[in-house]
Structures are given as structure tokens and as C-alpha cells.
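# Fold and geometry: a report
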Amino acid sequence: MNKTVLYVAVAVIITALICSATVWYVMRPAPADVLEIYHWWTSGGEKDAIDALVDVFADDYPDTGVIQSPVAGGAGYVMKAVMKSLVLAGEAPDAFQMHAGYEGQPYFEGKYLEPISDLWQEEGWKPVIPDVVEDMVKFDGEYYAVPVNIHRVNVVWYNKHVLDDNGVDPATLTTWDAFFDACDTLVTAGIAHPIALGDIGKWTDTHVLEQIIAGEGIDFYEDWVNGQVTSATDPKLVSALNTFATYLGYVNVDHVTLTWDEAIARVITGDAAFSVMGDWANGEFYKAGKVYDTDYGTIPTPGTGVMYGLCIDCFQHPKGVKHPENSLRWLKVVGSKEGQDAFNPIKGSISARTDSDTTKYGPYQAAAIADFTAATYMYPSVAHGSGAPEAFTAELDDIMSAFVTDKDVSAAASALTAATNAASDDYIKVWDLD
Ligand code: BGC
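Model, not experiment: these values are computed from the prediction.

### A closer look at the packing of aromatic side chains
What the rule picks out here adds up to 31 aromatic pairs. The interplanar angle of 85 degrees and the centroid separation of 5.5 Å between the aromatic rings of tryptophan 120 and tryptophan 125 together place this pair among those described as edge-to-face. Taken individually, tryptophan 120 and tryptophan 125 each receive the classification buried, so the pair is uniform in this respect. On the numbers, 5.9 Å between centres and 80 degrees between planes, the contact of tryptophan 176 with tyrosine 247 is edge-to-face. Placement of tryptophan 176 in helix α8 (residues 176-188) and of tyrosine 247 in helix α11 (residues 235-248) is noted, with a sequence separation of 71 residues between them. Judged by its relative accessible area of 12%, tryptophan 176 is buried. Put simply, the rings of Trp176, Phe179, Phe180, Phe244, Tyr247, Tyr250, Phe274 and Phe403 touch in pairs and so form one group of aromatic residues. Here the guanidinium or amino end of lysine 84 rests over the ring plane of tyrosine 107, the centre of that ring lying 5.9 Å away.

Spelled out as C-alpha cells, the structure:
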């Protein structure tokens, strides 16, 4: 081998080594000190809210990288299944979004969660978190999760300009009859589909039915969540389904192609007048720069004026996570006043703490805080995992989605009561709502 060939060979080897070292350096595993969380907050308002909460964590723990693993799909209709398989495979992230109440039951029963009663004690959460909320993150007397918000589910969002222009006074819409009369007025005025619905993922159908059921009275709702509505000819069940069928006569025909936030966007633009949705919708109005009581407004869904339907997101401390200390640090931030007051003003919800700084919250939330404090009744959402066992809720969205297409009241009543009867052993909680 002559010298030139040798030099070239050495140069090639050195270059290859430098390249491999560079590739290794760029591709090397992330530093060990990370926190990985899963959530489904991917709409405009939702994303801003979780980023604000992560910022609080980053300020408190600047050396820890946060990996957010968002799984799109409102109400967690995609993420819940993803999470089940990860947890069962022993691959739980350090914490994940979960609804309070029944949704945690399978994880608790499977012994996939660590109790965090000591953390509740150390952080002094009990005195500042309302009993109704605190109760929903406990199993067998121990705490297993930390609430990050309180969402109200029984809300009609309306475009104020559309109602004003057509002489509809939202304060008068306290019954479904009055609400449908207002829809007729708007249809006559040329708004062919005054109610916006986006039911990709099906859960928004269930969400609407749930509020109609609440409007049948708290006793009926209590029976429903306690698994006591077992007859397909129950007059209130049949009445609720008939109301829902009438409601569907006013919704946009392309509802199966829209997500919940795309439906809210139609109210924001004035293409529709109303949409029934939880108050995460408020985050979308904020994001669009709309002003409460000028551009948009809210009323409780008809018949639920004195009620506050609850949807509560929380995080937990799964067993065997990769970064247990960071998991607990995250929970501390989630439950802290600072964390709650960074997240909720953007999200649209109210704080799960009674000592939050209310000056940080907008006018919708100021009204929601007052309504929460004054509510005669509170009820746990079934559409959002809290109120009824999974064996029932797993069927619910499919039943409601079929109903939206066929509007067959007796078929839906039979399917709903059959699902309740089949899940009868799983109704282990007795809700006392009145
Ligand atoms: C969650 C909210 C979320 C909404 C839409 C609900 O189930 O509790 O936090 O914004 O779904 O994704």
C-alpha cells in the first residue's frame, strides 16, 4: 500500500469515527431527569392551558424536562384506550389525565395506582378542596388523585349578536319548549341549523343527553347514576329521549364530520346560535378573542338552573413509574394555588381550590364560581367518566350515536336500560345528590 492510499484510508476512518460520535451525541437518550405526562388537551384553548401549567412546573423544577404526550380526541375518547394498554403493559407515564370518580376505579382495583394520602396531608389540600370534589378522588378511604379543575357541563353557549339580532332573550330559555321556540324563530330568520353539534368521537351526543336527563330533575338523575333506571318505558327516560330527538332536528347536517371545538367555532362565527358543551368551550372563545356578554354568553341547559354538572380532570401517581419523584412533584404543582390559577383561567374551568385568586378569572368564570357556590344540586358527569361504571359508559356513546342517526326512542331506551342492567354489579357507589 503506498503512502497516499494509507493517508486516505486513515482520513476515511477518522471521518467515520467523528460522524458516528456526532450522530451518537445528537441521538443520545434524553437526560434521565424528565417528567412524562399524557393528556388529551389539543384544541387551541386546551393547549394554551396545559402549557401554562407546565410552565409553572418548569419554573419550580428548571432541571427537569417535561415530555407532554398529547393524544388528540375530545373527552379522551382515544387516549383512554391508549392509556389502558400502556398501564396494563407496565408502561404507565409519570402521570396522566383522568376523570375523577368511576374512571379511576379499574386502575384502583387493578392496583395500578399508589395511594397519595400523605401528599394530600403534606400539601394541606383537604381544607381548600370542596368535599364533593375531594370525595371523587378517593377509593376505599384513601386519596388516589389530585383534581386540576372543576368544569361545568350543563352549559348552552350562544352567539349574542345572533340572538340580539333576532330578538331572542336567552334569559327566557329555561325550558326545552322555550329553547325550541327560539330555534324556530332562528330557522324562520334563515339560520337553517341554529344548534351546532360536532360528534366525531360520539361523546358529544352523550353529553347532550346527559344534560337533558338532568333537566328531568335531580331525583331522576340520581336514579340514573345509581343504576336504578332499569325500565325501557320509564316516563322520564322516554321524555328525555324525545327531547333529544327534537333537539337533533335543529343541528347541522354535517355533525359527524366535526369535532367539538369545530362546532363551537360555528357559534363563534355566528353560523350557528347555540351549542351545548362543557366550559372548556370558554377557552375557545378566549382564543378567538371574543368577549363574554358582548360576543357570546351562556345559560344553564334548560331545567338545570340550580344545578352544577361536574366534570373534573385529575392526575395520579401510577405504580412503578420511571420518574416517581417527578410524578409527585407534578402532582404538587397540579394541586397548588399557583398551578390552578395558571391553568384554569385559560382553560375555561374554575379552580378546584376555594382559596384561588379570583381576580385572575374572566367574567364567565366569575359567574361560574358564584353558581358553584350557590348551586342547590351538583351531579357527576357520566359522559365524562365520573358518574357511572365503565361497563355502562363503554356502551353509552355507541347507543347515543345510533340514536342520533335513527332517532328511535324505544330502541335507545331498551339499549340504555339493558346496558344498566348488564352492569348492575358494577354500581358500587351510591350517589346522594339531593
Ligand atoms: C375534559 C376536558 C376537556 C374536554 C374536551 C373533557 O372530558 O374533562 O378537560 O377539555 O373533555 O376535550
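Right, picking up where we left off after that structure.
### Let's talk about unusual backbone geometry
A positive phi angle is found at alanine 75, which is not glycine, with a value near 60 degrees. Topologically, alanine 75 is positioned in the loop between β2 (65-70) and α3 (79-88). Although it is not a glycine, lysine 202 adopts a positive phi angle of roughly 70 degrees. Turning to its location among the elements, lysine 202 is positioned in the loop between α8 and α9 (203-215). Residue lysine 202 is classed as partly exposed on the basis of its relative accessible area of 33%.

### Some points on the site of the ligand
Taken together, 14 residues lie around the ligand, and Glu46, His99, Asp313, Lys347 and His384 are the ones closest in. Between glutamate 46 and the ligand, the recorded distance is 2.5 Å, taken from a side-chain N or O atom to an oxygen atom. Separating an oxygen atom of the ligand from a backbone N or O atom of alanine 75 is a distance of 3.1 Å. Protein chains shield 100% of the accessible area of the ligand, which is 300 Å² for the free molecule. Among the cavities detected, the one that contains the ligand is the largest cavity. When the residues that make up the shell around the ligand are grouped by side-chain class, the tally is six nonpolar, five polar and three charged. Each of two domains, domain 1 (3-148 + 313-361) and domain 2 (152-309 + 384-426), supplies a minimum of three residues to the shell around the ligand.

### Observations regarding the sheet that holds strand β4 (residues 98-99)
Strands sit in the order β4-β13-β7 across an open sheet of three strands; the sheet is antiparallel. The sheet is open, and its two edges are formed by β4 and β7 (145-147), each paired on a single side. In the sheet, β4 pairs with strand β13 (residues 313-316) via two bridges, with the strands oriented antiparallel. Bridge assignment links histidine 99 to a residue of β13, and that residue is aspartate 313. Running over the sheet, helix α14 (residues 324-335) touches β7 and β13 and is turned about 155 degrees from β13.

### So, the packing of α11 against helix α17 (residues 390-406)
For the pair α11 and α17, interaxial distance at closest approach is 10 Å and the crossing angle is 55 degrees. Considering their axes alone, α11 and α17 lie oblique with respect to each other. The two elements α11 and α17 cross, and the hand of that crossing is right-handed. Touching Leu241, Phe244, Ala245 and Leu248 of α11 are Met400, Phe403 and Val404, all from α17.

### What about the side chain of asparagine 252?
Residue placement: asparagine 252 occurs in the loop between α11 and α12 (260-269). Here aspartate 254 takes part through its side chain, which lies 2.9 Å from a polar atom of the side chain of asparagine 252.

### Section: the nonpolar core
Judged by nonpolar contacts, the single largest core of 137 residues is most densely connected at Phe179, Leu241, Phe244, Tyr247, Phe274, Trp330 and Phe392. Split by domain, the residues of this core number at least three in each of domain 1 (3-148 + 313-361) and domain 2 (152-309 + 384-426). Beyond its immediate chain neighbours, meaning those up to four positions away, phenylalanine 179 contacts Val156, Leu173, Ile195, Tyr247, Phe274 and Pro302.

### As for the packing of helix α2 (residues 44-60) against α14
Packing of α2 against α14 brings their axes to within 10 Å, and their N-to-C directions diverge by 120 degrees. The orientation of α2 relative to α14 falls into the category oblique. With respect to the hand of their crossing, α2 and α14 are arranged in right-handed fashion. Counting all contacts with α2, which are made through Ile50, Leu53, Val54, Val56, Phe57 and Asp60, the residues of α14 involved are Asn326, Arg329, Trp330, Val333 and Val334. Partitioned by chemical class, the residues of the contact of α2 with α14 number eight nonpolar, one polar and two charged.

### Remarks on the confidence of the model for the protein
With 93% of its residues at a pLDDT of at least 70, the protein reaches an overall mean of 94. Contacts for the low-pLDDT stretch residues 14-19, under 50 throughout, to residues beyond four places or in other chains number zero contacts. Low confidence marks residues 21-26, where pLDDT is under 50. Its contacts with residues over four positions away, or in another chain, come to zero contacts.

### Quick word on a negative patch on the surface
Residues Asp55, Asp59, Asp60 and Glu338 make up a contiguous surface patch of negative charge. Tallying contributions element by element places α2 first for the negative patch, with three residues. One can find aspartate 55 in helix α2.

### Overview of the pattern of salt bridges
Overall, the coordinates contain 14 salt bridges when judged by the stated rule. As a salt-bridge pair, aspartate 48 and lysine 287 come within 2.9 Å of each other at their nearest N and O atoms. Here aspartate 48, found in helix α2, pairs with lysine 287, found in helix α13 (residues 281-287); they are 239 residues apart in sequence, far enough to count as distant. In this structure, lysine 160 and aspartate 164 form a salt bridge, with 3.1 Å as the shortest nitrogen-oxygen distance. A residue pair is termed a helical-turn pair when its members lie 3 or 4 positions apart in one helix, as lysine 160 and aspartate 164 do in helix α7 (residues 160-165) at four residues. Given a relative accessible area of 21%, lysine 160 falls into the partly exposed group. Accessibility expressed as a relative area gives 43% for aspartate 164, which makes it partly exposed.

What counts, and at which threshold
Residues numbered from 1 in each chain as written. Predicted model: local features only at pLDDT ≥ 70, side-chain atom pairs only at ≥ 80, totals over all residues. Heavy atoms only, no water. Phe/Tyr/Trp six-rings, centres within 6.5 Å; stacked < 30°, edge-to-face > 60°. Buried < 20%, exposed > 50% of the residue type's maximum accessible area, 1.4 Å probe, protein only. Helix = DSSP H or I, 4+ residues; strand = E, 2+ residues; numbered from the N terminus. Lys NZ or Arg CZ within 6 Å of the ring centre and 35° of its normal. Near = heavy atom within 4 Å. Polar contact = N/O pair within 3.5 Å; in protein donor to acceptor, adjacent residues only side chain to side chain. Areas by Shrake-Rupley, 256 points an atom, 1.4 Å probe, with all protein chains shown as cover. 1 Å grid on protein atoms, 1.4 Å probe; cavity = no way out; pocket = protein on both sides within 12 Å on 5 of 7 lines; lining within 4 Å. Sits in = over half its atoms within 2 Å of the grid points. Nonpolar A, V, L, I, M, F, W, Y, C, P; charged D, E, K, R; others polar. Domains from an automatic or database assignment. Pairing = 2+ DSSP bridges. Contact = heavy atoms within 4.5 Å. Axes fitted to C-alpha atoms, helices over the stretch in contact; angles between N-to-C directions. Parallel < 35°, antiparallel > 145°, perpendicular 65-115°, else oblique. Left-handed = near helix turned anticlockwise from the far one by under 90°. Core = buried A, V, L, I, M, F, W, Y, C linked by side-chain atoms within 4.5 Å. pLDDT = per-residue confidence, 0-100. Patch = residues over 30% accessible without salt bridge, like charges linked within 9 Å, V, L, I, M, F, W, Y side chains within 5 Å. Salt bridge = Lys/Arg side-chain N within 4 Å of Asp/Glu carboxyl O. Lys, Arg positive; Asp, Glu negative; His and termini not counted. Charge placed at Lys NZ, Arg CZ, Asp CG, Glu CD.

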